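Summary of structural features
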Amino acid sequence: MTPTILFVDDEPDLEALILQKFRRQIRDGLVNFIFARDGVEALESIERNPGVDLVVSDINMPRMDGLSLLAKLQEAEDKKSTIIVSAYGDMSNIRTAMNRGAFDFLTKPIDFIDLETTIQKTVRHIEMLREVRRRQMEAERAHAALSRHFSPELAKRLAASGEGEGIAVQWRDVATIFTDITGFTSLVESAAPETLGELLNEYVGGMTEVVFAHEGTVAKIIGDAIQVLFNAPGDQPDYATRAVACAHDLDRWAQDFCARQKAKGVNFGTTRIGIHAGPALVGNFGGNRFFDYTAYGDTINTAARLEAANKHLGTRICVSAGIAERAVNFQGRPVGELVLRGRSEPLPAFEPLVQEKFEAPATTQYFEAFAKMEAGDAAAMPAFAALVGMHADDPLAGFHLKRLLNGGKGIRMQLE
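Described below are features of the structure shown in this document. What you are looking at is a predicted structure, and each value in this text was computed from that prediction instead of being measured.

Considering a nonpolar patch on the surface
A contiguous nonpolar patch, built from Met91, Met98 and Phe105 and spanning about 230 Å² of accessible area, is present on the exposed surface. Secondary-structure assignment places methionine 91 in helix α5 (residues 91–99). Residue methionine 91 is classed as partly exposed on the basis of its relative accessible area, which comes to 38%.

Some thoughts on the pairing of strand β2 (residues 32–36)
Most of β2 sits out of view: 4 of its 5 residues are buried. Where strand β1 (residues 4–8) lies against β2, 5 bridges are found, and the strand directions are parallel. Bridge pairing in β2 places leucine 6 opposite isoleucine 34.

So, helix α15 (residues 380–390)
For α15, the full list of buried residues reads Ala380, Phe384 and Leu387. For α15, the angular spread of the buried residues around the axis is 60°, confining them to a single face. Along α15, exposed side chains directed more than 90 degrees from the buried face belong to Gly389 and Met390. Of the surrounding secondary structure, the elements contacted by the buried residues of α15 are α14 (361–374) and α16 (395–405).

Here we look at the packing of aromatic side chains
Evaluated as defined, the whole model comprises 13 aromatic pairs. Geometrically, the ring pair formed by phenylalanine 33 and phenylalanine 35 is stacked, given 6.2 Å between the ring centres and 20° between the ring planes. Each member of the pair, phenylalanine 33 as well as phenylalanine 35, is classed as buried. Ring geometry for tryptophan 253 versus phenylalanine 257: centroids 5.2 Å apart, planes at 15°, classification stacked.

Quick word on the pattern of salt bridges
Considering all chains together, one arrives at 18 salt bridges under this definition. Taking the shortest distance from any N to any O, the salt bridge between arginine 172 and aspartate 235 comes out at 2.6 Å. With arginine 172 in strand β6 (residues 170–181) and aspartate 235 in the loop between β8 (225–230) and α10 (239–263), the pair connects residues that are 63 residues apart, well separated along the chain. Using a relative accessible area of 66% as the deciding quantity, one classes aspartate 235 as exposed. Here the salt bridges do not stand alone but share partners, grouping Asp9, Glu11, Asp58 and Lys108 into one network.

Re the environment of aspartate 249
As for its placement among the helices and strands, aspartate 249 is situated in helix α10. Between the alpha carbons of aspartate 249 and methionine 207 there is a distance of 9.0 Å; along the sequence they are 42 residues apart. When near neighbours in sequence (up to four residues on either side) are disregarded, aspartate 249 contacts Val210 and His214. A polar contact of 2.3 Å, which involves the side chain of aspartate 249, links it to the side chain of arginine 252.

A look at the nonpolar core
Of all hydrophobic cores here, the largest spans 38 residues; its most connected members are Ile177, Tyr203, Phe230, Leu250, Ile275 and Ile323. Breaking this core down by element, the ones donating at least two residues are β6, α8 (184–190), α9 (193–213), β8, α10, β9 (271–284), β11 (317–320) and α12 (321–326). The contacts of tyrosine 203, once residues within four sequence positions are left out, are Thr179, Ile181, Asp224, Ile226, Trp253, Ala254, Phe257, Phe268 and Thr271. Counting residues in each nonpolar core, the second largest holds 25 residues, with Ala309, Ala369, Ala380 and Leu404 among its members.

Focus: the sheet that holds strand β3 (residues 54–58)
The 5 strands are arranged β2-β1-β3-β4-β5 in an open sheet whose pairing can be described as parallel. Whereas interior strands pair on both sides, the edge strands pair on one side only; in this sheet they are β2 and β5 (104–108). Here the strands of the sheet are splayed against their neighbours by 20° on average, with no regard to which way each runs. In this sheet, β5 lies alongside strand β4 (residues 81–87) in parallel orientation, the contact comprising 5 bridges. Bridging from a neighbouring strand, alanine 87 pairs with lysine 108 of β5. Contacts from helix α1 (residues 14–21) reach β1 and β2, with the element oriented near 175° to β2. Those strands touched by α5 are β4 and β5, and its axis lies near 160° from that of β5.

Thresholds applied
- Residues numbered from 1 in each chain as written.
- Predicted model: local features only at pLDDT ≥ 70, side-chain atom pairs only at ≥ 80, totals over all residues.
- Heavy atoms only, no water.
- Patch = residues over 30% accessible without salt bridge, like charges linked within 9 Å, V, L, I, M, F, W, Y side chains within 5 Å.
- Areas by Shrake-Rupley, 256 points an atom, 1.4 Å probe, with all protein chains shown as cover.
- Salt bridge = Lys/Arg side-chain N within 4 Å of Asp/Glu carboxyl O.
- Helix = DSSP H or I, 4+ residues; strand = E, 2+ residues; numbered from the N terminus.
- Buried < 20%, exposed > 50% of the residue type's maximum accessible area, 1.4 Å probe, protein only.
- Pairing = 2+ DSSP bridges.
- Arc of directions from axis to C-beta.
- Contact = heavy atoms within 4.5 Å.
- Phe/Tyr/Trp six-rings, centres within 6.5 Å; stacked < 30°, edge-to-face > 60°.
- Polar contact = N/O pair within 3.5 Å; in protein donor to acceptor, adjacent residues only side chain to side chain.
- Core = buried A, V, L, I, M, F, W, Y, C linked by side-chain atoms within 4.5 Å.
- Axes fitted to C-alpha atoms, helices over the stretch in contact; angles between N-to-C directions.

Shown next as structure tokens:
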């Protein structure tokens, strides 16, 4: 890009002299000059030509002198690099100018070889600053895009790398969480747009903060549904453990949010969560113009099916055996073998429990009833009936009892 230089001097012959001395550079498109007679005219010229790169200004001029012009230029958001010109004996004003932000100075009478050298040096400095600003803007844009998906620290590291390190499309073993809200369609149809927007923004914002606290990656947000990844883009050997811990915290946060909305008279649905682990195609699928870090594959689809399975089971969190086996000190109870929509093979599934519930007597009773059902023991039905009788707030036990009463056998269940 051809640099544009504004020469500010009230000497009538200077413009012709500059154009003559730099005629070859002007002809070759290496530089472009515009001229002003004083500081007032210079500011007007910059307003008309905001692309001015460099100002060369005399100090002693009518209406507005060079020091006043320099002060105005330094006040502007786009501070123009300035070379100050004055008599050799006027070192006091030159020193003042340098202290006020001038990039360099020249003395009169102007040595045109010195002028050309000083302009070249200043233009190189301007180009360097422009490149720094360009990179900074790119980094800020990259950080803004990355911040939609990654925790703040990870977004900073990825943006600083500048090469998209770790976000290229690749196969990775991941744990993925899917969340969804019951009855959200009804809420969309009944709530005022501004109310719905405020609710959803608060909900998604709060859920995202929980994910980031566990250093998870938000792969997708579609309406009320959130897809989360662990072990991507960076390695997290404990990804299954993180996913379970994150699910418990998401569940707690969502329940609290739901209760707060209910107190305001808003019927905000329950959040259901599904988790699965396995290989997935992960990376930026947004091309050059749009950053979209997400994942595809059977692992992702299975997590979504497990989230939907909660509706039938009466649970809020449902995880695959792959998660239960990989998570350290997993605490949960078996759900059974689920034949999920789109799959022919059954998938053993579990409901993860917080420690207090896992250690409760009711959980021991559940394990005993489930073992009877697993063995095909007819005593499973009365065992679940007794459990439901004592703990009516256990929907999973109620689900199994209902199945058995309707002639269901064993622990394999076909879910739509």
